[in-house]
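Close look at the chain arrangement
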Amino acid sequence: MNILVLGNSFDAHALHMRDALTKAGTAVNYLDTRLFPTQVQISWQPDIQAGCLVLPGGHQLNLQDIKSVFWRNFSAPYIPNLPEGQQTIAFSDAMSVLRTLLQAKPVRWVNSWQAYQFHKEKPLQLSQVKLLGVEIPATLISNNPQQVIEFCKIQPKTIFKPVYGGTHTQFVSDFHLEPHRLNLVLRLSPVTFQEYIPGTNIRSYVIGKDIYTAEIRSNSLDFREDEKAQLIPVELPDLVQQQCLAISKALMLEWTAIDWRLKPTGEYVFLEANPSPMFLHFEQQTKFPITQSLVNLLLVN
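Section: the layout of surface pockets
Quantified by volume, the second largest pocket comes out at close to 210 Å³. Taken together, R108, G208, K209, L245, S248, K249, M252, L253 and E254 make up the lining of the second largest pocket. It is helix α8 (residues 238-250) that provides the largest number of residues to the lining of the second largest pocket, a total of three residues. Here the residues of the lining of the second largest pocket sort into three nonpolar, two polar and four charged.

Okay, structure coming up:
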């Protein structure tokens with residue numbers, strides 16, 4: 001039985017999972033997709049549904065021998081400098097083979113290619129969660145300046161962030177809504193605008209059926225900016241635990257970190273579900289057995 005870890009040489013979480021799985025007594029292989037096709041070889045035979053990886057150093061791994069895959073990060077293949085047309089063809093060919101690898105074999109992916117693709121469509125993710133009956137913030141994703149101004153007028157406070165991610169959340173101010181600036185920004189990209197939810201940050205890690213939750217005490221609007229944020233273990237109400245499992249299933253996530261905002265009135269508001277969250281600091285501070293739950297999930301029959 002082999003477990004494949006999809007990561008790179010400087011990702012502490014991927015290396016941690018490799019070491020934890022090795023300690024659990026299973027064979028672990030490490031795939032850095034940046035090394036394909038220069039240092040990694042991939043073969044696939046669709047007619048017999050068989051293939052193999054040859055990893056740096058020459059170790060060959062048959063795809064049918066892989067039991068499960070832990071996906072920490074996926075990097076585009078590295079293609080050496082070629083003339084423009086050849087570069088495009090070589091890159092597209094390499095990506096096609098990698099995408100085939102990520103979808104062809106029916107092994108347990110934690111998480112799958114489909115789940116990662118769904119995560120890229122964050123407006124659709126929010127819509128799907130809302131259909132489950134879970135509360136989400138009033139939200140507008142738009143590049144229409146007039147609709148943005150009208151939306152912000154009816155909210156006591158409004159925040160904004162990129163649609164896909166990549167930077168931290170900020171409050172909307174009069175400066176951001178200045179017509180010339182707003183028009184200029186929205187001609188370049190749509191933006192996500194949301195009502196600001198007063199209350200407490202809550203993060204729930206969902207690993208199979210296991211749920212570990214902590215309150216995140218921070219004075220920052222976006223707690224990811226606060227290195228001194230406190231993590232306080234809490235127990236979710238039964239209804240919210242059921243919502244965690246329903247969200248994970250609807251978004252095709254074997255494991256995830258769900259961010260909530262807990263209102264002073266006691267209502268939980270869904271913010272986001274991450275398909276590859278960092279967890280080492282959270283585990284260290286809370287003592288929740290996240291690593292062991294991930295190992296169990298990857299080893300389960």
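On we go.
Remarks on the sheet that holds strand β14 (residues 230-233)
If you trace the five strands from one edge of the open sheet to the other, you get β14-β13-β12-β15-β16, paired in antiparallel fashion. The open sheet has two free edges, formed respectively by β14 and β16 (268-274), since each of these has just one partner strand. Across this sheet, the average inter-strand angle for adjacent strands is 30°, counted without regard to direction. Where strand β12 (residues 200-207) lies against strand β13 (residues 210-217), seven bridges are found, and the strand directions are antiparallel. Bridging from a neighbouring strand, Y205 pairs with Y212 of β13.

A word on empty space enclosed by the protein
Counted according to the given criterion, the structure contains two cavities of 30 Å³ or more. Empty space within the largest cavity amounts to approximately 50 Å³. Lining the largest cavity are L4, L63, I66, V69, L101, K105, V107 and W109. For the lining of the largest cavity, the class distribution of residues is seven nonpolar, no polar and one charged. Here the second largest cavity defines a volume of roughly 40 Å³. Lining of the second largest cavity is provided by A115, F118, H119, Q125, L251, L253, A273 and P275. Top element by residues in the lining of the second largest cavity is helix α3 (residues 113-120). It accounts for three residues. Among the residues making up the lining of the second largest cavity, the classes are represented as six nonpolar, two polar and no charged.

Some remarks on the sheet that holds strand β8 (residues 139-142)
In spatial order, the strands read β8-β11-β9-β10; together these four strands make up an open sheet with antiparallel pairing. Strands with a single pairing partner mark the edges of an open sheet, and in this sheet they are β8 and β10 (170-171). Sheet topology places strand β9 (residues 158-161) next to strand β11 (residues 191-195); four bridges connect them, and they run antiparallel. Of the residues in β11, the one forming a bridge with F160 is F193. Against the sheet, helix α5 (residues 145-153) touches β8, β9 and β11, its axis set at about 165° to β8.

Analysis parameters
- Counting starts from 1 at the beginning of each chain's written sequence and moves along it residue by residue.
- The predicted nature of this model means local features are confined to residues of pLDDT at least 70 and side-chain atom pairs, given and counted, to a pLDDT of 80 or more, with totals for whole chains, interfaces and linings taken over all residues.
- Side-chain metrics in this entry use all non-hydrogen atoms of the structure; hydrogen atoms and water are not considered.
- For cavity detection a 1 Å grid was placed over the protein atoms alone, and a set of points counts as a cavity when a 1.4 Å probe fits there but cannot get out; an open set counts as a pocket when protein lies on both sides within 12 Å along at least five of seven lines, with lining residues being those that have an atom within 4 Å of a point.
- Grid points are joined across faces, edges and corners, and a volume is the space filled by probe spheres set on the points.
- Under the scheme used here, helices are H or I runs from DSSP no shorter than 4 residues and strands are E runs no shorter than 2 residues, and both carry numbers assigned from the N terminus.
- In this classification, the charged set is Asp, Glu, Lys and Arg, the nonpolar set is Ala, Val, Leu, Ile, Met, Phe, Trp, Tyr, Cys and Pro, and all remaining amino acids, among them Gly, are polar.
- Two strands pair if DSSP finds at least two bridges between them.
- Angular values range over 0 to 180 degrees, each being the angle between N-to-C directions of two axes fitted as lines to C-alpha atoms, with helices fitted over their stretch in contact.
- By the convention used here, residues are in contact when the closest approach between their heavy atoms is within 4.5 Å.

The values are spatial; any link to function lies outside them.
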